[in-house]
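Summary of structural features
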Amino acid sequence: MTIDTDMSTNDNDKAGESRRDFLYLTAAAFGAVGAGSVAWPFIHQMNPAADTMALSTIEVDLTPIEEGQAITVMWQGKPVFIRHRTAKEIEEAQSVDVSSLRDSESDEDRAQKPEWLVMVGVCTHLGCIPLGQKGGDIKGDYDGWFCPCHGSHYDSSGRIRKGPAPTNLPVPPYEFVSDTRIKIG
Amino acid sequence: MGSGERKPFENKTIEWIDSRLPIFTIMNKEYGVFPTPKNFNYFWNFGAIAMVMMVIMIITGITLAMHYAANTEIAFSSVERIMRDVNFGWLIRYMHMNGASFMFIAIFIHIFRGLYYGSYKQPRELLWMLGVTILLLMMATAFMGYVLPWGQMSFWGATVITNLFSALPLIGPGIVEWLWGGFAVDNATLNRFFALHYLLPFVTVGVIFLHVWALHVTGSNNPSGIEPKGPQDTIPFHPYYTMKDTAGLLLFLIIYVVFTFFMPNALGHPDNYIEADPLVTPAHIVPEWYFLAFYAILRAITFDINLLMIAGGAIAAYLVAVNLWYMEKPKHCPVSTKFNVPISKDIELCKLEPLMAACAVVLLGIGGLIAFMPDLGISKMAGVVSPVMIEAKLGGVLAMFGSIGLLFVLPFIDRHPHRSARFRPWFKIAVLLLVLDFFILTWVGAKPAEGIYVLIAQAATAYYFAFFLVVLPFLNKYEPRVELPPSIHQYVLDQKAKKKKKQDEYMNSLTPGAAE
């Protein structure tokens with residue numbers, strides 16, 4: 001299609017056609033933009049709402065958690081695992097050859113202070129809650145967590161070692177407010 | 001519709017309406033005198049049965065919605081209130097719960113009927129594809145409905161299934177949050193699932209209308225798979241099939257009612273009577289029984305799919321397509337003209353086929369070795385040149401949706417001219433094996449995904465896909481084309497004669513003296 005720029009002088013059929021084409025195309029383009037801009041609110045309304053998005057930060061007091069214990073707190077509707085790791089667990093987590101892991105990440109990058117491991121306790125496979133928080137739980141082959149749904153094993157740094165999950169348990173943004181308090185979010 | 005010739009009705013009221021809006025004429029044309037093949041068996045009941053179940057589901061569903069509250073705080077207790085306090089609430093809920101199961105039973109048998117008797121073939125391709133669309137809509141509706149009671153299985157089933165979409169590259173996590181309306185399955189999710197669970201059945205009714213419309217354009221298939229050729233092959237829909245459908249329907253409803261009253265929770269899962277708890281995952285997350293086969297396919301892909309497997313698969317697919325799928329070929333070269341690409345003046349691609357087949361086997365072999373035994377030395381070395389293309393999680397999702405996608409395109413895969421398995425002895429075995437395969441997948445889908453069960457699921461998944469991608473193309477070309485009877489009428493007479501002969505032989509065998 002060609003658009004004749006000098007429309008005032010057009011009186012042959014071909015020029016008339018191209019002017020009509022131009023009108024069609026412009027109308028269609030405006031129509032598409034209009035339809036899209038009306039559709040977007042109806043698509044976007046399904047995304048997390050403002051109150052959900054407002055990162056509700058939570059503060060957690062770490063003093064009651066003894067070495068070897070773990071607690072679960074809720075953040076953004078998801079469980080967050082906080083484990084006070086033992087020296088053995090830290091040693092296991094740090095001695096792994098990082099390049100051999102499915103999702104290579106060193107323990108130093110995951111834990112701001114080696115004795116405290118903070119991460120979102122949602123299996124990265126299909127979203128189950130892994131076992132390993134309570135004393136009597138199955139902890140998997142790598143002394144960390146075990147997801148009962150489809151058999152993913154996480155190590156004592158929450159990294160995927162065996163099973164179908166593609167990535168490590170994610171570490172949420174958090175900071176130490178004091179030596180014994182953290183703020184998640 | 002209805003603008004053509006119209007015969008006046010005797011009843012004045014009916015005539016008054018019909019002359020203004022000819023619904024009585026249309027009903028009579030489509031369900032009264034509608035010419036229907038005369039040899040239907042009871043498998044032809046299940047469309048009507050599914051339709052009745054659909055009506056039951058809509059009526060019970062709307063009544064339940066009058067008492068249900070879609071809010072995570074009170075959803076579970078509102079369902080318990082329906083069970084304990086609402087007048088006949090227990091009955092309506094049990095009808096709805098078991099109605100879903102029985103609707104799937106009817107639909108699965110209906111689909112089997114279509115497969116076995118080749119109802120999906122020309123000219124009924126679109127009719128079949130609309131049917132597969134109905135299956136998909138039903139699956140989405142049933143999945144969202146199961147979330148509403150907000151029990152443990154509701155919550156964790158929703159979590160696992162919505163998380164499937166996170167497997168999609170790049171857009172995955174965004175889509176999951178969009179589906180959830182948050183960062184986990186929560187109140188926003190429950191609310192929208194309720195809205196959609198209410199909406200989708202009406203969308204389904206719309207597609208059912210198109211499905212039935214398409215059926216009334218082409219007319220029904222029949223057990224012989226031969227098109228009706230004249231009045232001697234058909235009978236009017238009413239009273240013959242209204243009665244036959246009613247008989248089958250009553251038997252079906254009796255079984256449904258027995259479940260509803262005497263074993264209403266037999267098909268459910270006890271964990272769904274525990275309120276949803278985002279902090280505790282049940283030891284075994286299993287979907288409802290009608291999803292188990294697809295769930296088994298999802299979990300069967302435990303290995304990453306690598307470059308070599310894709311390359312080998314692509315070559316194999318090419319060979320299947322040109323050699324088995326297209327049936328008419330020039331004699332000099334077994335490749336269809338469409339793909340008959342000369343590489344140079346002397347070499348035609350078809351002459352390279354044995355080499356290509358060998359390549360496919362080697363590539364798939366090494367690729368499979370890397371995927372299934374990643375710890376072997378050779379796998380580690382070969383793994384360098386064959387990176388993972390599709391991770392196991394995405395592979396599972398693709399396989400699950402692909403299993404239904406294959407049903408969708410089935411009319412274009414199966415190009416054998418005969419419809420009914422009654423005239424296709426090889427196809428008959430293959431399709432009955434597929435039914436067995438579906439039962440195996442359903443059984444293994446309820447088992448934990450470990451040990452021998454994974455292998456069984458993988459073997460069963462392999463056959464499911466092979467049926468569509470290898471067996472059907474093979475049968476296209478090599479299954480013998482037996483001679484068909486000239487008409488349905490003749491077929492029915494042949495069947496009768498055969499039966500009579502068998503009976504006579506049996507009678508003779510009872511009295512040995514007479515036979516001599």
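No experiment lies behind these values; they were computed from the predicted model shown. (Residues numbered from 1 in each chain as written. Chains lettered and ligands numbered in written order. Predicted model: local features only at pLDDT ≥ 70, side-chain atom pairs only at ≥ 80, totals over all residues. Heavy atoms only, no water.)

Across its full length, chain B holds 19 helices and four strands. With the principal axes as the frame, chain B shows a C-alpha extent of 85 × 75 × 65 Å. Across the 516 residues of chain B, 47% fall into the buried class. The contacts of chain B with a sequence gap of at least 6 include a subset with a gap of at least 24, amounting to 78%. Computed over 37 positive and 34 negative side-chain charges, the separation of the two mean positions in chain B equals 9 Å. (Helix = DSSP H or I, 4+ residues; strand = E, 2+ residues; numbered from the N terminus. Buried < 20%, exposed > 50% of the residue type's maximum accessible area, 1.4 Å probe, protein only. Contact = heavy atoms within 4.5 Å. Lys, Arg positive; Asp, Glu negative; His and termini not counted. Charge placed at Lys NZ, Arg CZ, Asp CG, Glu CD.)

Summarising the element assignment, B:Leu135 is placed in helix H6 (residues 125–147). When near neighbours in sequence (up to four residues on either side) are disregarded, B:Leu135 contacts B:Phe104, B:Ile107, B:Phe108, B:Ile111 and B:Leu407.

Our focus in this paragraph is the sheet that holds strand E6 (residues 152–155) of chain A. Residue and element names in this part refer to chain A. Spatially, E5-E6-E7 is the arrangement adopted by the three strands of the open sheet, whose pairing is antiparallel. Edge positions in the open sheet fall to strand E5 (143–147) and strand E7 (160–162), since each of these has one partner strand only. Across the sheet, the mean angle from the axis of one strand to that of its neighbour is 35°, orientation sign disregarded. For E6 and E7, the ladder comprises two bridges, and the chain directions are antiparallel. Of the residues in E7, the one forming a bridge with Tyr154 is Ile160. (Pairing = 2+ DSSP bridges. Axes fitted to C-alpha atoms, helices over the stretch in contact; angles between N-to-C directions.)

For residues with low pLDDT, the predicted coordinates do not support detailed interpretation. Per-residue confidence for chain A gives a mean pLDDT of 84; residues scoring 70 or more make up 90%. Least confident of the elements in chain A is helix H2 (residues 50–53) of chain A, whose mean pLDDT is 81; most confident is strand E4 (residues 116–120) of chain A, at 91. (pLDDT = per-residue confidence, 0-100.)

Right, let's talk about the packing of helix H4 (residues 75–84) of chain B against helix H5 (residues 89–116) of chain B for a bit. Residue and element names in this part refer to chain B. Where H4 contacts H5, the axes come no closer than 5 Å and their chain directions differ by 115°. In this view, H4 runs roughly perpendicular relative to H5, as classed from their interaxial angle. Taking contact as the criterion, the partners of Val79, Ile82 and Met83 in H4 are, on H5, Gly89, Trp90, Arg93 and Tyr94. Of the residues belonging to the contact of H4 with H5, the class tally is five nonpolar, one polar and one charged. (Parallel < 35°, antiparallel > 145°, perpendicular 65-115°, else oblique. Nonpolar A, V, L, I, M, F, W, Y, C, P; charged D, E, K, R; others polar.)

Residue and element names in this part refer to chain A. Among the seven residues in strand E3 (residues 78–84), seven count as buried, and that is most of the element. By the alternation rule, side chains of E3 split into Lys78, Val80, Ile82 and His84 and Pro79, Phe81 and Arg83, which are all buried. Direction of pairing for strand E2 (residues 70–75) relative to E3: antiparallel, over a ladder of six bridges. Its bridge partner being in E3, Trp75 is matched across the sheet by Lys78. Where E3 lies against E4, five bridges are found, and the strand directions are antiparallel. Pairing of Ile82 across the sheet is with Val118, part of E4.

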